[in-house]
Amino acid sequence: MASMVDDDPRIIEFDVRTDEMLVNMGPQHPSTHGVLRLVLRTDGEVVSEVEPHIGYLHRCAEKIGENLTHRQFIPYTDRMDYLAAMNMNLGWAIAVEKLMKYQVSEKARHLRVLIAELNRIASHLVGMGAYGLDLGTFSPFLYAFREREKILDLFEEACGARLTYSYITVGGLTADLPPGWLQRCEAFLDQFEPVIKEYHALLTTNAIFVKRTANIGVMSPELAIEYGCSGPVLRGSGVDQDMRRDGEAIYTAMYEGYAFEVAVMKDGHYPRDRDYPAVPADAVLGDCWHRFFVRMLEVVQSMDLVRQSIDRYSACKGPLGEPLKLTEKMPAGDAYLETECPKGQMGFYIVSDGSAIPWRARARSSSFSNLAVAHELCRGCLIADVPAIVGSLDIVMGEIDR
Amino acid sequence: MQGPGFLEQLEEALPGAVVGRNLEAIDPWVEVAPERIADVCRWLAKSSPVRFDSLQCITAVDWCEPDPKKAAKVSWQPHLEMVYHLWSTPARVSLVVKANLPRWKADVPGQPPEIPSVCGVWRGANWHEREVYDLSGVWFTGHPDLRRILCPEDWEGYPLRKDYEMPLDYHGIRGR
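Cut-offs used in this document
Residues numbered from 1 in each chain as written. Chains lettered and ligands numbered in written order. Predicted model: local features only at pLDDT ≥ 70, side-chain atom pairs only at ≥ 80, totals over all residues. Helix = DSSP H or I, 4+ residues; strand = E, 2+ residues; numbered from the N terminus. Contact = placed C-beta atoms within 7 Å. Rg over C-alpha atoms; globule rule 2.2 N^0.38 Å. Buried ≥ 20, exposed ≤ 12 C-beta atoms within 10 Å, placed from the backbone. Nonpolar A, V, L, I, M, F, W, Y, C, P; charged D, E, K, R; others polar. Pairing = 2+ DSSP bridges. Axes fitted to C-alpha atoms, helices over the stretch in contact; angles between N-to-C directions. Parallel < 35°, antiparallel > 145°, perpendicular 65-115°, else oblique. pLDDT = per-residue confidence, 0-100. Expected span 1.5 Å × (residues − 1). Left-handed = near helix turned anticlockwise from the far one by under 90°.

A. Here's a closer look at the overall build of chain A. Scanning chain A for helices and strands turns up 18 helices and eight strands. Once the C-alpha set of chain A is aligned to its principal axes, its extents read approximately 70 × 45 × 35 Å. A separation threshold of at least 6 residues defines the contact pool for chain A, and within that pool the share at least 24 residues apart is 73%.

B. Spatial organisation of the overall build of chain B. Within chain B, the secondary structure is distributed over four helices and nine strands. Going from the N terminus to the C terminus, chain B shows its helices and strands as α-β-β-α-β-α-β-β-β-α-β-β-β. Its C-alpha radius of gyration of 18 Å places chain B within 12% of the 16 Å reference for a compact globule of 176 residues. When its C-alpha atoms are laid out on the principal axes, chain B stretches across 55 × 40 × 30 Å. Taking all 176 residues of chain B together, the buried fraction comes to 37%. Taking as baseline every contact in chain B between residues at least 6 positions apart, the subset at least 24 positions apart corresponds to 52%.

C. Here's a closer look at the interface of chain A and chain B. Residue-level contacts link 30 residues of chain A with 23 residues of chain B. Sorting the residues of the side of chain A that touches chain B by element identifies helix 3 (61-65), helix 5 (85-100), helix 10 (221-226), strand 6 (333-341), strand 7 (344-352), strand 8 (360-364) and helix 15 (366-372) of chain A as the ones contributing at least two each. For the side of chain A that touches chain B, the element with the most residues is strand 6 of chain A, which contributes five residues. Along the lines of polarity and charge, the residues of the side of chain A that touches chain B split into 12 nonpolar, seven polar and 11 charged.

D. Up close: helix 17 (residues 385-392) of chain A. Residue and element names in this part refer to chain A. Buried residues dominate helix 17, accounting for eight of its eight residues. Listed as buried for helix 17 are D385, V386, P387, A388, I389, V390, G391 and S392. D394 lies just past helix 17 and shows a positive phi near 50°.

E. Main features of the sheet that holds strand 3 (residues 46-53) of chain A. All names here are of chain A. Judged by pairing direction, the sheet is antiparallel, and its three strands sit side by side in the order 1-2-3 without closing on themselves. Two strands close off the open sheet at either side, each with one partner strand: strand 1 (20-25) and strand 3. The mean inter-strand angle of the sheet, taken between neighbouring strand axes irrespective of direction, is 20°. One ladder, built from seven bridges, connects strand 2 (residues 37-43) with strand 3; its direction is antiparallel. Paired with D43 across the two strands is V46, which belongs to strand 3.

F. Quick look at the pairing of strand 6 of chain A. Burial analysis of strand 6 of chain A places eight of its nine residues in the buried class, the great majority of the element. Connecting the antiparallel pair strand 6 of chain A and strand 7 of chain A is a turn made up of two residues.

G. Looking closely at the packing of helix 8 (residues 181-204) of chain A against helix 14 (residues 288-315) of chain A. All names here are of chain A. At a minimum axis separation of 11 Å, helix 8 and helix 14 run at an interaxial angle of 170°. When the axes of helix 8 and helix 14 are compared, the pair comes out roughly antiparallel. Residues L182, C185, E186, L189, F192, E193, I196, Y199 and T204 of helix 8 touch helix 14, and the partners they reach there are F293, M296, V299, V300, M303, V306, R307, I310 and S314. Residue composition of the contact of helix 8 with helix 14, by class: 13 nonpolar, two polar and three charged.

H. Spatial organisation of the confidence of the model for chain B. With 97% of its residues at a pLDDT of at least 70, chain B reaches an overall mean of 87. Across the interface, the model reports ipTM at 0.88; the global pTM reads 0.88.

I. Structural view of the sheet that holds strand 7 of chain A. Residues and elements named next belong to chain A. With respect to topology, three strands assemble into an open sheet ordered 6-7-8, the strand pairing being antiparallel. With partners counted over all chains shown, the strands left at the sheet margins are strand 6 and strand 8, one partner each. Neighbour-to-neighbour, the strand axes of the sheet open up by a mean angle of 15°, direction not taken into account. As defined by bridge partners, strand 6 adjoins strand 7 across nine bridges and the pair is classed as antiparallel. Residue pairing for strand 7: E340 is matched across the bridge by Q345.

J. Here's a closer look at the environment of R37 of chain A. Residues and elements named next belong to chain A. Looking at where R37 falls in the secondary structure, it is placed in strand 2. Taking C-alpha positions, R37 is 34 Å from T169, a pair spaced 132 residues apart along the chain. Setting aside residues up to four positions removed in sequence, R37 forms contacts with N24, G26, P27 and H53.

K. Local environment of helix 7 (residues 139-159) of chain A. All names here are of chain A. Between its terminal C-alpha atoms helix 7 stretches 30 Å, which fits the 30 Å expected from 21 residues at 1.5 Å a residue. For helix 7, every residue scored as buried is listed here: P140, A144, E147, F155, A158 and C159. Turning to helix 7, the residues buried within the fold contact helix 6 (106-134) and helix 8. Just downstream of helix 7, G160 is the residue with a positive phi angle, here 95°.

L. Up close: the packing of helix 6 of chain A against helix 7 of chain A. All names here are of chain A. Packing of helix 6 against helix 7 leaves a shortest axis separation of 8 Å and a crossing angle of 160°. The angle between helix 6 and helix 7 places the two elements in the roughly antiparallel class. The hand of the helix 6/helix 7 crossing is left-handed. Seen from helix 6, the contacting residues are L118, I121, A122, L125, V126, M128, G129, A130, G132 and L133; seen from helix 7, they are P140, F141, A144, F145, E147, R148, I151, L152 and L154. The class makeup of the residues in the contact of helix 6 with helix 7 is 15 nonpolar, two polar and two charged.

Laid out in C-alpha cells, this is it:
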C-alpha cells in the first residue's frame with residue numbers, strides 16, 4: 001500500500017497543502033503551439049484549474065468573408081490552419097460547391113484526394129515533431145521536418161507556394177500537376193515508408209515518452225462528444241467517427257472507391273496493428289499516448305490513400321476542368337459542411353443572398369472545440385503534464401482565433 | 001436529418017416550440033421559438049429517438065441592410081438569426097435548429113437580445129456562446145461565464161453586426 005502512495009504524486013502533494021498560486025503560461029511560451037495563454041491555478045506542483053485565454057491571433061476572417069466573393073476568400077482559409085492549408089481550401093471549396101450544387105470533374109476529385117492526404121501527412125509530422133519538443137526531446141522534430149520539407153517541395157512545384165497554397169479552389173484546382181510530379185511523389189513515398197519506423201523508435205516506444213504520455217489526460221468518449229471534439233482527439237478516445245466515411249454525401253463521394261480503415265481502436269486493436277509497436281501496458285484509451293498514436297497511424301493511412309489516388313488520377317483521361325469564375329453568383333440559401341482535416345472536423349457555413357459575396361461566412365474550427373476541453377483534462381494534473389496534454393490536442397492558434 | 005415523423009414527436013413532447021420548418025432546403029432545418037431553445041435542445045440531446053449528443057457550431061446571422069437604398073428592396077425584416085448545428089454520433093446524422101431574435105433588446109441599439117444558454121445541455125457550448133456574444137452581440141441567459149473570448153475585454157460593439165463601424169482609435173492604435 002505504501003508503494004502505491006509513493007507512486008501517485010498527487011497524494012503526496014495534497015498531504016502538504018501550500019498556498020494557491022496563479023502561474024501564467026504564455027502567450028509566448030514555446031510549448032503552447034502559437035500565441036495561447038494558459039492561466040494555471042496551482043497548489044504546489046498540482047494544477048487545480050487551467051484557464052485558456054485565446055484571441056491573440058484574431059484576424060477577423062469571418063468579417064473579411066462577408067466582403068469578398070467565395071473564391072477570393074480561399075487565401076484567407078489558408079491562414080486558418082496554416083499547417084494544413086490544402087485541407088482548409090478544400091473545406092471551403094466543397095462548402096461553396098454544396099451550396100451551388102456543383103460537381104467537379106473526376107480528375108479534379110482524385111487530385112484533391114491526393115493533395116489533401118499529402119498535406120495531412122505534413123500536418124501530422126509537425127504535430128508529432130512539435131509534441132516531442134513539448135516533452136523535451138528535440139531530435140524527432142528535426143526528423144519530422146526533414147520529411148515534411150520534401151512534401152513542401154512537392155507542393156511548391158505544384159502551386160508555387162510552400163505554406164499558403166490556395167491551390168484547391170471553388171470548382172476544382174488552380175492548375176494541373178507539372179510533368180514528372182507523380183514520379184517524384186511516388187519516389188518520396190517509397191523513401192518515406194521506412195522512415196516511419198524511425199519515428200516509432202524515437203517516440204512511440206521511447207520509455208521516457210511513454211512515461212510522459214501514458215495514462216495522462218485521459219478523456220472519456222462521452223466528454224469528447226459533449227465538447228464536440230473531433231479528429232484524432234475524438235478517435236484517440238475510441239469513438240469510431242471519420243467524416244471521410246461518415247460525412248455528407250458531397251464530401252464522402254470524393255473518397256468513394258478508396259479503401260481505408262478509420263484509425264480507431266476496436267476490441268483492443270488498431271487496424272493493421274501487427275505492423276506497429278504494441279500499445280504500452282500503462283496506456284489507457286483516451287490518454288495522450290493514444291491521441292499521438294492515432295496520428296501516427298493516420299500518416300500510414302494517408303500514404304495508402306495517396307498511392308491509390310495517384311493510380312486513379314493517372315487513369316483519368318478527361319480534362320481537369322476550370323475553376324469557377326471569381327464573380328460566379330451563388331443561389332440564395334445556406335449550406336454547412338464539415339470536412340475531416342488533420343486537426344479534426346473543420347466546418348464552413350455559408351449564407352448567401354444570391355450574390356457572389358457571402359452574406360455570412362462562418363468557420364467552425366476543430367482546434368477551438370478541442371482546446372475547450374483542455375481545462376477538464378488538466379484538472380488535478382502536474383504542471384509538467386500541462387504541455388503534454390495541450391500538445392496532444394495538436395492545436396493551431398490560427399484556426400482557433402481565425 | 002429524420003423525416004416528418006421525428007418532428008411530430010418533438011411537437012408532441014414540446015407543444016408550440018416548433019414555429020417553422022424547411023425540409024427541402026440544402027440542409028433541412030426547423031425553427032423554434034427562441035425562449036424554448038434550451039428545452040428543445042435538451043429534448044434532442046437526451047430524450048429524442050435520435051440522440052443529438054454533440055453540438056458542432058452556433059452561428060448568429062445578422063439580417064440587416066445598413067444601406068437605406070438597398071434596404072428598401074429586401075424582402076425580410078431586420079432580425080438576428082441563430083443557427084445551431086447538431087450532430088448525432090450514434091446515428092451519424094446532423095440537424096439544423098434555427099431561432100429568430102430581434103436585433104436589439106427592446107429596440108434599444110447596443111442592448112444585446114437574450115436567448116437561453118444551451119451550456120446545460122452540452123458543456124462544449126460554453127466557448128461557442130462566448131464567441132457569438134463577443135462577435136454578434138447575443139446575451140445567453142444562464143451561461144456560467146459570458147464574456148468576450150476573441151476580442152479584448154474592453155472592446156466596444158459587436159464586429160459581425162452589419163451596421164458595425166470600426167473604431168477610429170483603440171488605446172492609441174489607429175483603427176482605419
